[in-house]
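If you want the building blocks of each chain, they are given just below.
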There are 2 protein chains.
Amino acid sequence: MQIQFWFDFASPYAYVASERIETLARSHGATVDWCPLLLGVVLKRKSADGSPFQRATEAEHRYRRRDIERLCIRNGLPLVWPTGFPRGSLLAMRTAYVAREQGWGREFANQVFRANFVHDRDIAKTEVVADLIEACKRPSGSVLELAQSEENKKAFLEHVEQAIARGIFGVPTVVVGDELFWGNDKLEEAFEWLERER
Amino acid sequence: MQIQFWFDFASPYAYVASERIETLARSHGATVDWCPLLLGVVLKRKSADGSPFQRATEAEHRYRRRDIERLCIRNGLPLVWPTGFPRGSLLAMRTAYVAREQGWGREFANQVFRANFVHDRDIAKTEVVADLIEACKRPSGSVLELAQSEENKKAFLEHVEQAIARGIFGVPTVVVGDELFWGNDKLEEAFEWLERER
């Protein structure tokens, strides 16, 4: 069975989940469809629905930071807080959609997450995205051209719209059949559900 | 070691956690301090800080409902959605503070959570709270009087203020030493941390 893993490179929780999902999937005999989601589009839609973007309070902000640090300790993951946060990731996200269509979605997503949250590289920069494409042994010139094509932009937006239409509102989200599981803390529960549905 | 479990009777996630916390604590050799938190006070403070209360979108609302239903299935817990939601729980919360001070905090909290989320009883009503006190084999008259005394109101508010001052912003929250763990999904991680700190 295939599950979907929805992510956005801006989210440190998605980074943590991105490092855990494949091992979990393998141990449950599942494969992963790496689906980029544009959080910006989701948030814009939310505020159009009359739900204002909620600024995290100081306490929430502190909590999340500590929570993510603990999750990295717990999972043996490296973490270097990006000196820019959040970094614009539209180009990287569009490229992630191309990579998904071409079958190297996981590899590229791992590269970008690690660049942002481990190596503190500015993933908003075209030359950094190009480097990461090359690290996946793909030709950066033609991939970037494709990523920025009208055709890809449109197909990617449609893919995001479909996600919103089925109720996805944040990242990371795992989809198992018709069930959504939101948050890194839900991965185990998602795969437990998959076993239940078998 | 003792951990704190912060709850509010309005929260279905706190209900789920309230049914799981003692078993987990026992299996890790810990005891639980059952601490009522007034979510209303927390939210008022938040909006005073310029962070408006965020109305959940339709999608988020649907998700949470399903999430809680799945959590109950997963944990073998009964759930009957309250026909009134959220129910005013100020009197029950004040009583929970009295119960905590008198050493029957857990018993009373379990009674109220189950009344609200299993038996669909209106926990906003004084006679229902009285019943639940009696179910704990305590005299409802004198307990209710104490719960509504100025002294108890003041002590309870101070206890809530201290929680806010140390960074608690939601329920359920588990406190292990200096570490906060927010959300029912975090219980296992909290006790894992406790083992780490030993």
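It should be emphasised that the depicted structure is a prediction, and the values quoted were computed from it without experimental measurement.

A look at the packing of aromatic side chains
Counted by the stated rule, this structure contains 30 aromatic pairs over all chains. Between Phe9 of chain A and Phe108 of chain A, the ring centres sit 6.4 Å apart and the planes meet at 80°, which makes this aromatic pair edge-to-face. Here Phe108 of chain A lies in helix α5 (residues 105-117) and Phe9 of chain A lies in the loop between β1 (2-7) and α1 (12-27), a separation of 99 residues in the sequence. The buried category is assigned to Phe108 of chain A, whose relative accessible area is 0%. One aromatic cluster is present, built from ring pairs that chain together Phe5, Phe7, Phe9, Tyr15, Trp34, Trp104, Phe108, Phe113 and Phe117 of chain A. Taking the ring centre of Phe181 of chain A as reference, the NZ or CZ of Arg70 of chain B above it sits at 3.8 Å. For the cation-ring pair, Arg70 of chain B lies above Trp193 of chain A, with the distance from its terminal atom to the ring centre recorded as 6.0 Å.

Brief notes about the pattern of salt bridges
For the coordinates displayed, the defined rule picks out 40 salt bridges over all chains. Among the salt bridges present, the one from Arg114 of chain A reaches Glu19 of chain A, with a minimum N-O distance of 2.7 Å. Here Arg114 of chain A, found in helix α5, pairs with Glu19 of chain A, found in helix α1; they are 95 residues apart in sequence, far enough to count as distant. Note on Arg114 of chain A: relative accessible area 34%, which makes it partly exposed. When its relative accessible area of 22% is taken as the criterion, Glu19 of chain A is described as partly exposed. Note that Glu179 of chain B is salt-bridged to Arg66 of chain A, the shortest N-O span being 2.7 Å. Of this pair, Glu179 of chain B sits in strand β4 (residues 179-182) while Arg66 of chain A sits in helix α3 (residues 58-74), on two different chains. With a relative accessible area of 28%, Arg66 of chain A lands in the partly exposed category. Bridged by salt links that share partners, the residues Arg66, Asp67, Glu69, Arg70, Arg74 and Asp185 of chain A together with Glu179, Lys186, Glu189 and Glu192 of chain B form one connected network.

Looking at the pairing of strand β4 (residues 179-182) of chain A
All names here are of chain A. Here strand β3 (residues 173-176) pairs with β4 via 4 bridges, running antiparallel. Each bridged residue has a counterpart across the sheet, and for Val175 the counterpart in β4 is Leu180. Where β3 hands over to β4, the hairpin turn is made up of 2 residues, of which Gly177 adopts a positive phi near 60°.

Points about the confidence of the model for chain A
Scored by pLDDT, chain A comes out at a mean of 95, with 97% of its residues at no less than 70. The ipTM value of the predicted complex is 0.93, and its pTM value is 0.95.

Some words on the interface of chain A and chain B
Facing the 30 residues of chain A at the interface are 30 residues of chain B. Interface of chain A and chain B: buried area, both sides summed, is about 3,100 Å²; carbon and sulfur atoms make up 48% of it. At the junction of chain A with chain B, the criterion picks out 12 salt bridges. Across the salt bridge formed by Asp185 of chain A and Lys186 of chain B, the nearest N and O atoms sit 3.2 Å from each other. Connecting chain A to chain B are 14 residue pairs in polar contact (both at pLDDT 80 or more).

Definitions and cut-offs
Residues numbered from 1 in each chain as written. Chains lettered and ligands numbered in written order. Predicted model: local features only at pLDDT ≥ 70, side-chain atom pairs only at ≥ 80, totals over all residues. Heavy atoms only, no water. Phe/Tyr/Trp six-rings, centres within 6.5 Å; stacked < 30°, edge-to-face > 60°. Helix = DSSP H or I, 4+ residues; strand = E, 2+ residues; numbered from the N terminus. Buried < 20%, exposed > 50% of the residue type's maximum accessible area, 1.4 Å probe, protein only. Lys NZ or Arg CZ within 6 Å of the ring centre and 35° of its normal. Salt bridge = Lys/Arg side-chain N within 4 Å of Asp/Glu carboxyl O. Pairing = 2+ DSSP bridges. pLDDT = per-residue confidence, 0-100. Contact = heavy atoms within 4.5 Å. Buried area = accessible area lost by both parts, 1.4 Å probe. Polar contact = N/O pair within 3.5 Å; in protein donor to acceptor, adjacent residues only side chain to side chain.

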